[in-house]
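Per-entry structural report
Here's the letter readout for the chains.
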Amino acid sequence: MKLTAEQIRSFHNSGFLAVAEPVLDGSELNRLIALYDRMFAEQAGRADGNQFDLAGPDSENEPARLSQILHPHRYFPELRGAYVDRLHSVAGQLLGPEAKTEIFHAILKPAGIGVRTPWHQDEAYWKPDRQYRSISIWIPLQIATEENGCLWFNDGSHEWEVLEHRSIGGDARVHGLELVDDSVIRHAVACPLPAGGFTIHRNRTAHYAGPNLTEAPRRALVVSSVLPDRPYPALRRFPWNEVKNTQRKMRAGGDAGSDHT
Ligand code: NI
């Protein structure tokens, strides 16, 4: 799979790219959907803090409104497939040959009750003393529309610093982060996709997804590709992560602080 010169230029200018050409064919989609639904039904990774509700307090008695599984291939290795290699080759065209590519997480926006994913920059979840150079590749396993929660990106925001974030709704029990002031979002672009298409964004590109207003689940997988991180060249703090007090962190024995969503 080869990006055009125009796609590469557009990615570097805007900090995101939507590719409608599917990286998954029909049989791969069916195989992945079956695995995906089993994985979420079984809450794979819950005991390790890797399965949790991104958008709520993540209690045991309530259905997750934005269920996430980090590193899902650790629990379901069959999730891997030739598509990861194809995406690695795409990533190499943007990051160069040193990039390492792996499945990163799965996010399920359930039918009807799936809430919005507020505007955020992924780097805000990570370690403030590291400097990152990475991309996330988001792949919907069915059509992604504004109605079921396709991604939106703010054009050019990959050039921003990491802005101030907080736990969603200011509730430190919630793992998910949001920009404290989203009036900075002035160039939002919706990226609807066919099943198996994908978007690519940088570690600081501000993005959002709406609620799932449809009667079908919105399933998405995220593959990430990273260059080696380096020490951050200045003193930096992400106080929103220092005050977080999530159930997933308790389940993980206190060590689930800086994982990505
Ligand atoms: Ni994100």
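The structure under discussion appears in the preceding block.
A brief report on the enclosed structure follows. If you're wondering where the values come from, they're calculated on a predicted model, not measured in any experiment.

Mapped onto the elements, Arg 219 comes out in strand E14 (residues 218-226). For Arg 219, the contacting residues outside a window of four places in its chain are Ile 33, Tyr 36, Asp 37, Ile 107, Leu 108, Ile 139, Pro 140, Leu 141 and Gln 142. At 2.8 Å, the side chain of Arg 219 forms a polar contact with the side chain of Asp 37.

It is worth spelling out the nonpolar core at this point. By size, the foremost hydrophobic cluster in this structure holds 37 residues, and its most contacted members are Met 39, Tyr 83, Ile 139, Phe 198 and Ile 200. Elements with a contribution of two residues or more to this core: strand E1 (16-19), helix H2 (26-41), helix H3 (82-95), strand E4 (100-109), strand E7 (134-140), strand E12 (198-202) and E14. Those residues in contact with Phe 198, other than ones at most four positions away along the chain, are Met 1, Leu 17, Ala 18, Val 19, Glu 21, Val 23, Leu 87, Val 90, Ile 137, Trp 138, Ile 139 and Leu 193. Among the nonpolar cores identified, the runner-up in size contains 13 residues, and Phe 52, Leu 70, Trp 126 and Val 162 belong to it.

Right, let's get into the pairing of E14. Judged by how many residues are buried, E14 sits mostly within the fold: eight of nine residues are covered. Where E4 lies against E14, nine bridges are found, and the strand directions are antiparallel. Residue pairing across strands places Leu 108 opposite Arg 219, the latter belonging to E14.

Right, let's talk about the sheet that holds strand E13 (residues 207-209) for a bit. One open sheet holds the four strands; their spatial order is E5-E13-E8-E11, and the pairing between them is antiparallel. Every interior strand has two partners, whereas the edge strands, strand E5 (117-120) and strand E11 (188-191), have only one. Ignoring strand direction, the axes of neighbouring strands in this sheet form an average angle of 20 degrees. Pairing analysis gives three bridges linking strand E8 (residues 151-154) to E13, with the strands arranged antiparallel. By the bridge assignment, Phe 153 is partnered in E13 with His 207.

With that settled, consider unusual backbone geometry. If you check the backbone angles, Asp 58 has positive phi at about 70 degrees while not being a glycine. Tracing the backbone shows Asp 58 in the loop between strand E2 (51-53) and strand E3 (67-70). Judged by relative accessible area, which is 8%, Asp 58 ranks as buried.

The final tally for this structure, using the stated rule, is six aromatic pairs. Here Tyr 36 and Phe 40 contribute two aromatic rings whose centre-to-centre distance is 4.8 Å and whose plane-to-plane angle is 40 degrees, an arrangement assigned as tilted. Here Phe 40 and Tyr 36 lie together in helix H2, a separation of four residues that amounts to about one turn. In this structure Tyr 36 comes out as buried when scored by relative accessible area, which is 0%. Through pairs of rings, three or more aromatic residues link up here, namely Trp 119, Trp 152 and Tyr 208. The ring centre of Tyr 232 lies 3.8 Å from the NZ or CZ of Arg 236, which sits over that ring.

Before going further, it helps to spend a moment on the pattern of salt bridges. Following the criterion strictly, the structure yields 17 salt bridges and no others. For Asp 58, the salt bridge identified is with Arg 46, shortest N-O distance 3.2 Å. Within this pair, whereas Asp 58 is found in the loop between E2 and E3, its partner Arg 46 is found in the loop between H2 and E2, the two being separated by 12 residues in sequence. Accessibility expressed as a relative area gives 9% for Arg 46, which makes it buried. In this structure, Asp 229 engages Arg 130 in a salt bridge whose closest nitrogen and oxygen atoms are separated by 2.8 Å. Highlighted residues: Asp 229 in the loop between E14 and strand E15 (230-231) and Arg 130 in strand E6 (residues 130-131), separated in sequence by 99 residues. In this structure, a network of salt bridges that share partners links the residues Arg 46, Asp 58, Glu 60 and Arg 251.

Parameters at a glance
- Residues numbered from 1 in each chain as written.
- Predicted model: local features only at pLDDT ≥ 70, side-chain atom pairs only at ≥ 80, totals over all residues.
- Heavy atoms only, no water.
- Helix = DSSP H or I, 4+ residues; strand = E, 2+ residues; numbered from the N terminus.
- Contact = heavy atoms within 4.5 Å.
- Polar contact = N/O pair within 3.5 Å; in protein donor to acceptor, adjacent residues only side chain to side chain.
- Core = buried A, V, L, I, M, F, W, Y, C linked by side-chain atoms within 4.5 Å.
- Buried < 20%, exposed > 50% of the residue type's maximum accessible area, 1.4 Å probe, protein only.
- Pairing = 2+ DSSP bridges.
- Axes fitted to C-alpha atoms, helices over the stretch in contact; angles between N-to-C directions.
- Phe/Tyr/Trp six-rings, centres within 6.5 Å; stacked < 30°, edge-to-face > 60°.
- Lys NZ or Arg CZ within 6 Å of the ring centre and 35° of its normal.
- Salt bridge = Lys/Arg side-chain N within 4 Å of Asp/Glu carboxyl O.

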